[in-house]
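What follows is the residue order along each chain.
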Amino acid sequence: MSNPVAIRELFGPIAKHTSCTFPGCTTATCEYKPFCPEHVLEMLYASHVAKKSDDYDAEIADVAAHGWTSVDEGGELARDVMLYVHDYGVGSAEKIARECLLDVKVVQSVCDALLEIGVFRSVTTKRRVVVYQFADDDFDMNSIWKGRLPDPMPNN
Ligand SMILES: [Zn+2]
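Here we summarise the structure given alongside this text. Here the residue numbers are simple positions, counted from 1 along each chain's written sequence. Under the rules for a predicted model, residues below a pLDDT of 70 receive no local features and side-chain atom pairs below 80 are neither given nor counted, while totals for whole chains, interfaces and linings still include all residues.

### Concerning the pairing of strand S3 (residues 130–134)
- When DSSP finds at least two bridges between two strands, those strands are taken to pair. We count a stretch as a helix when DSSP gives it H or I for four or more residues in a row; a strand needs E for two or more, and each element gets its number in order from the N terminus. Examined bridge by bridge, strand S1 (residues 91–92) and S3 share two bridges and lie antiparallel to one another. When the sheet's bridge partners are listed, Gly91 is paired in S3 with Tyr132.
- Pairing analysis gives five bridges linking strand S2 (residues 120–124) to S3, with the strands arranged antiparallel. Counted as the bridge partner of Phe120 is Phe134 from S3.
- Counting the residues between successive antiparallel strands, the hairpin from S2 to S3 contains five residues, one of them, Arg128, with a positive phi of roughly 60°.

Structure follows, in structure tokens:
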């Protein structure tokens, strides 16, 4: 629905913006749009990130409350833990928690869930620290990236 007359009939008068409403931007806009091409993308991206952030906090709270059985192995939380282990090859729950700024009990639950489905295996080091690594050395990292945030669209 891009016909201003049709929109007005449905929703009443529409605001007529002649410049971008993004803080600090004075770029003129066409067709009374509230954002210039550069900032409409930032606004969409910001709302996407904010939504993701809310989901992430909810996921952490759920795992903190209910333990490993509530871990979504395809979720953002599991992905962050897997990405850490992929980057460093191995990690203890304490180390992963510290590096990912997560609660150690939450990370432990994620590792337990990934052990349960066979994505991780655990090894006890000589210093009696339990560390986690991928059970399969050829684990497909692309499977981790599914559902990630889209790249910000290029400014033009
Ligand atoms: Zn702008």
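### Here we look at the sheet that holds S1
- Pairing within the open sheet is antiparallel, and its three strands lie in the order S1-S3-S2. A strand with exactly one partner marks an edge of an open sheet, and here the two such strands are S1 and S2.
- Set on the sheet, helix H5 (residues 104–116) makes contact with S2 and S3; between it and S2 the angle comes to about 115°. This entry defines residue contacts through backbone-placed C-beta atoms, with two residues in contact when those atoms are within 7 Å. For every element, the axis is a line fit to its C-alpha atoms; helices are fit only across the contacting stretch, and the angle between N-to-C directions ranges from 0 to 180 degrees.

### Some details on the nonpolar core
- Ranked by internal contacts, the top residues of the largest apolar core, which has 22 residues, are Ala78, Val81, Ile96, Val107, Val110, Cys111 and Leu114.
- Those elements that place two or more of their residues in this core are helix H3 (76–88), helix H4 (93–100), H5 and S3.
- If we skip the residues at most four places from it in the chain, Ala78 touches Val71, Asp72, Glu73, Val110 and Leu114. What we call a nonpolar core is a set of buried Ala, Val, Leu, Ile, Met, Phe, Trp, Tyr and Cys residues whose membership is set by joining through C-beta atoms within 7 Å. Residue burial here comes from a neighbour count, namely the number of other C-beta atoms, placed from the backbone, that lie within 10 Å of the residue's own C-beta, with 20 or more meaning buried, 12 or fewer meaning exposed, and in between meaning partly exposed.

Everything listed here is a matter of geometry and, on its own, says nothing about what the molecule does.
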